[in-house]
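Each chain, letter by letter, is given below.
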Amino acid sequence: MNAREQASVPHALQAVRAQFPILAQTVRGKPLVYLDSAASAQKPLAVLDAMRAFELHDYANVHRGVHVLAQRATDAFEAARARVAAFLHAHSPKEIVFVRGATEAVNLVAQSFLRPRLRAGDEVLVTAMEHHANIVPWQLVCEPVGATLRVLPMSDTGALDLDALPGMLGPRTRLLAVAHASNVLGTVNDVARITRLAHAHGVPVLVDGAQAVAHLPVDVQLLGCDFYAFSGHKLYGPTGIGALWGRAELLDAMPPYQGGGDMIRSVSFERSTYADAPARFEAGTPNITGAVGLAAAIDFVQGVGWDAIAAHEQALLELAQGELEAIAGLRIYGTTPGKIGVIAFNVEGMHAHDLGTIVDALGVAIRAGHHCAMPLMQRYGVAAMARASLGVYNTADEVHALARAVRKAQAMFAG
Ligand code: PLP
C-alpha cells in the first residue's frame, strides 16, 4: 500500500475527527481545510467538555479555601499536575511548574536558573533552527552582563551538525537550549545525544518541546535533559497553560521568578520566605480551568495512542511532500527522516504571503511568514515561507486540497 492509499483508508482516526466540530464548516464558501496545527491545534470535545464541566460544577480558586469548591478545584488542579508529570515521565508532580506556555517556561529558566549564574564572557548555546521563544529570553539575560549566544549550525536539509557540538561546548558554556522538534523544518532533534554531549562538559540542557508533544511520546528520563518546556494549545489543549519540567534539585535551588500570592511561606515588611517548588514559581491565581483542559488533552492524545498518531501523520506527511514536490518551482525546507508533520515551502516567483492569501480564498488555512524564526529564514536567504502543518484530524482529501490550491495560486500568479 502506498502512502496515498494508506492515508485514504478509512481509519480509526476518522472517529477522532468527529471530536472536532470546528473543522466541519465552510469558509469562503469552501470546506475548511485546517493545516495550521503547529501554530495552534484545535480542541476536541473531550477538552471543551472537561473545561465546561469544571466551570459549571467545581470552579473556585485553588490552594486558599477550606470550602468544598476550593478543595475540589485544588484537587482538580493538582490532579492535572500529576497528569502532566506522568505524561513527561517526571519523577514527581513537584517537578512540574504550570506556566502560560513554552515561552513563559523558557523565560522562567532564563531569569531564575541562568541569570544568577551568568558572568561576562559566558556563553549560551542555541541552534540555528530555534523559535524566537528559545532565543530572545536568553538574550535578555546575556546582554546586561556581557554574555553571548553561540549558534550550533545545521545542514540545508535541516539536520543539526552534532559533530560540531563538542567543539562548541566549553568552560564558559552555561546552558544549551534546543528544540525537540522544529516548528519550521519539522526536524526531530536527537536530544538524548545532544544532552549526553552537553553533560560530558557539565552543561545543563533545556529542551523546547512546544512542537514535539503532540507528535511523539516524551520521556524526560530517556532524553536526560534538565528542563523541558511545552504549551497546552499545541497539544489539542487550551491557550494560556503549559508546563515547565525541571529536575527537582535544580528547581529547589532556583529563586522565585515572580512574587505574589501562593508562592510564599511567610511575608513581613522586613522579609519574606518562599514556598518550595513548584509553588515558588506560581505566583498569583493560575489558569485553573486551563490546567483541567490540559489534563483532558493529554488523556485525548493518549487515548488515540502514539502509534496511531504517528502512522496517520507519517502517511499524510509522505503524501503531502510527494504532492507538493511534484509542483514545478516549489521548494520544501526540511527533509530529514523522521520529521513531524510540518512542511515549510516556497513557490518560485511568489511571496509566501500571497500564496497564503490565495489558498485561504480556497478554504485552505496555512501559515505564511517568518514563523518566529527569523534567523532560520536568514539561514535559507528568504524573508518568509509558507507552512502547512498536520494534526491528528487531517485527512488525505485535505492534503489533495492543499496541493490543488497551491497549483491554482501558482497558475493565477503566472497568468
Ligand atoms: N517553541 C516552538 C518551537 C514553537 O513552535 C512555539 C510556538 O509556535 C513556541 C516555542 C512558543 O510557544 P507559545 O507561544 O505557546 O509559548
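Predicted model only: the values in this text are computed from it and were never measured.

> I tried to follow the site of the ligand on my own but got confused; where do I start?
The environment of the ligand is made up of G101, A102, T103, H131, A133, N183, D208, A210, Q211, S231, H233 and K234. Between the ligand and T103 there is a distance of 2.6 Å, counted from an oxygen atom to a side-chain nitrogen or oxygen. The side chain of Q211 places a nitrogen or oxygen atom 2.8 Å from an oxygen atom of the ligand. Relative to its unbound accessible surface of 390 Å², the ligand loses 85% to contact with the protein. More than half of the atoms of the ligand fall within 2 Å of the grid points belonging to the largest pocket. Looking at the shell around the ligand residue by residue, the class counts come to three nonpolar, seven polar and two charged.

> Before we go on, may I ask you to explain the sheet that holds strand β8 (residues 205-208) in this structure?
Note: strands within a sheet are paired through backbone hydrogen bonds, in either parallel or antiparallel orientation. Across the sheet, seven strands lie side by side as β4-β10-β9-β8-β7-β5-β6; this open sheet has mixed pairing. Pairing within the sheet leaves two strands with one partner each, and these edge strands are β4 (96-99) and β6 (148-152). Along the sheet, successive strands turn relative to each other by an average axial angle of 20°, direction set aside. Note: strand β5 (residues 123-127) against strand β7 (residues 173-179), three bridges, orientation parallel.

> For this particular structure, what's the right way to read the domain arrangement of the protein?
One frequent convention defines the size of an interface as the accessible area lost when the parts assemble. For the protein, the assigned domains read domain 1 (3-43 + 305-414) and domain 2 (48-302). Taking only C-alpha atoms, the centre of domain 1 and the centre of domain 2 are 28 Å apart. Each side of the interface is counted separately: domain 1 has 38 residues, and domain 2 has 36 residues. Across the domain 1 to domain 2 interface the summed buried area is about 3,000 Å²; carbon plus sulfur atoms make up 59%. Among the residues domain 1 hides against domain 2, the three largest losses belong to K43, W306 and I340. Together they make up 25% of the total. Taken together, domain 1 and domain 2 are joined by one salt bridge. Close ionic contact of R379 with D156 constitutes a salt bridge, the shortest N to O distance being 2.9 Å. Our count for the contact surface shared by domain 1 and domain 2 stands at 21 residue pairs in polar contact (both at pLDDT 80 or more).

> Just checking my understanding: could you explain the pairing of strand β10 (residues 242-246) for this structure?
Residues in a regular strand project their side chains so that they alternate between the two faces of the sheet. Counting buried residues in β10 gives five out of five residues, a clear majority hidden from the surface. Sheet topology note: the β4/β10 ladder contains four bridges and is antiparallel. Bridging from a neighbouring strand, F98 pairs with A243 of β10. The sheet contact formed by strand β9 (residues 227-231) and β10 spans five bridges and is antiparallel. Bridge pairing in β10 places A229 opposite L244.

> In this structure, what is going on with the packing of helix α3 (residues 45-57) against helix α11 (residues 288-304)? I would like to understand it.
When two helices pack together, you describe them by how their axes are tilted relative to each other and by the distance separating the axes. As a packed pair, α3 and α11 sit with axes 8 Å apart at the nearest point and diverge in direction by 145°. Here the hand of the crossing between α3 and α11 comes out right-handed. Where α3 approaches α11, its residues A46, V47, A50, M51, F54 and E55 are matched on the opposing element by I288, T289, V292, G293, A296 and A297. In terms of residue class, the contact of α3 with α11 is built from nine nonpolar, two polar and one charged.

> Can you walk me through the pairing of β5 in this structure?
Counting buried residues in β5 gives five out of five residues, a clear majority hidden from the surface. Sheet topology note: the β5/β6 ladder contains five bridges and is parallel. Within the sheet, the bridge partner assigned to V124 lies in β6 and is L149.

> Would you mind showing me how to read empty space enclosed by the protein here?
Summary: where empty space remains is shown by rolling a probe the size of a single water molecule over the atoms. Tallied over the entire structure, the rule returns one cavity of 30 Å³ or more. Considered as a void within the structure, the largest cavity measures approximately 50 Å³ in volume. Taken together, S37, A38, A41, Q211, A214, H215, K234, Y236, L390 and G391 form the lining of the largest cavity. The class makeup of the residues in the lining of the largest cavity is five nonpolar, four polar and one charged.

> Could you clarify how one ought to interpret the environment of A373 in this entry?
Position of A373 relative to the elements: it lies in the loop between β16 (367-369) and α14 (374-380). With near-sequence residues (within four places) excluded, A373 lies in contact with E130, H132 and V184.

The rules behind the values
Residues numbered from 1 in each chain as written. Predicted model: local features only at pLDDT ≥ 70, side-chain atom pairs only at ≥ 80, totals over all residues. Heavy atoms only, no water. Near = heavy atom within 4 Å. Polar contact = N/O pair within 3.5 Å; in protein donor to acceptor, adjacent residues only side chain to side chain. Areas by Shrake-Rupley, 256 points an atom, 1.4 Å probe, with all protein chains shown as cover. 1 Å grid on protein atoms, 1.4 Å probe; cavity = no way out; pocket = protein on both sides within 12 Å on 5 of 7 lines; lining within 4 Å. Sits in = over half its atoms within 2 Å of the grid points. Nonpolar A, V, L, I, M, F, W, Y, C, P; charged D, E, K, R; others polar. Pairing = 2+ DSSP bridges. Helix = DSSP H or I, 4+ residues; strand = E, 2+ residues; numbered from the N terminus. Axes fitted to C-alpha atoms, helices over the stretch in contact; angles between N-to-C directions. Domains from an automatic or database assignment. Contact = heavy atoms within 4.5 Å. Buried area = accessible area lost by both parts, 1.4 Å probe. Salt bridge = Lys/Arg side-chain N within 4 Å of Asp/Glu carboxyl O. Buried < 20%, exposed > 50% of the residue type's maximum accessible area, 1.4 Å probe, protein only. Left-handed = near helix turned anticlockwise from the far one by under 90°. Points joined across faces, edges and corners; volume = space filled by probe spheres on them.

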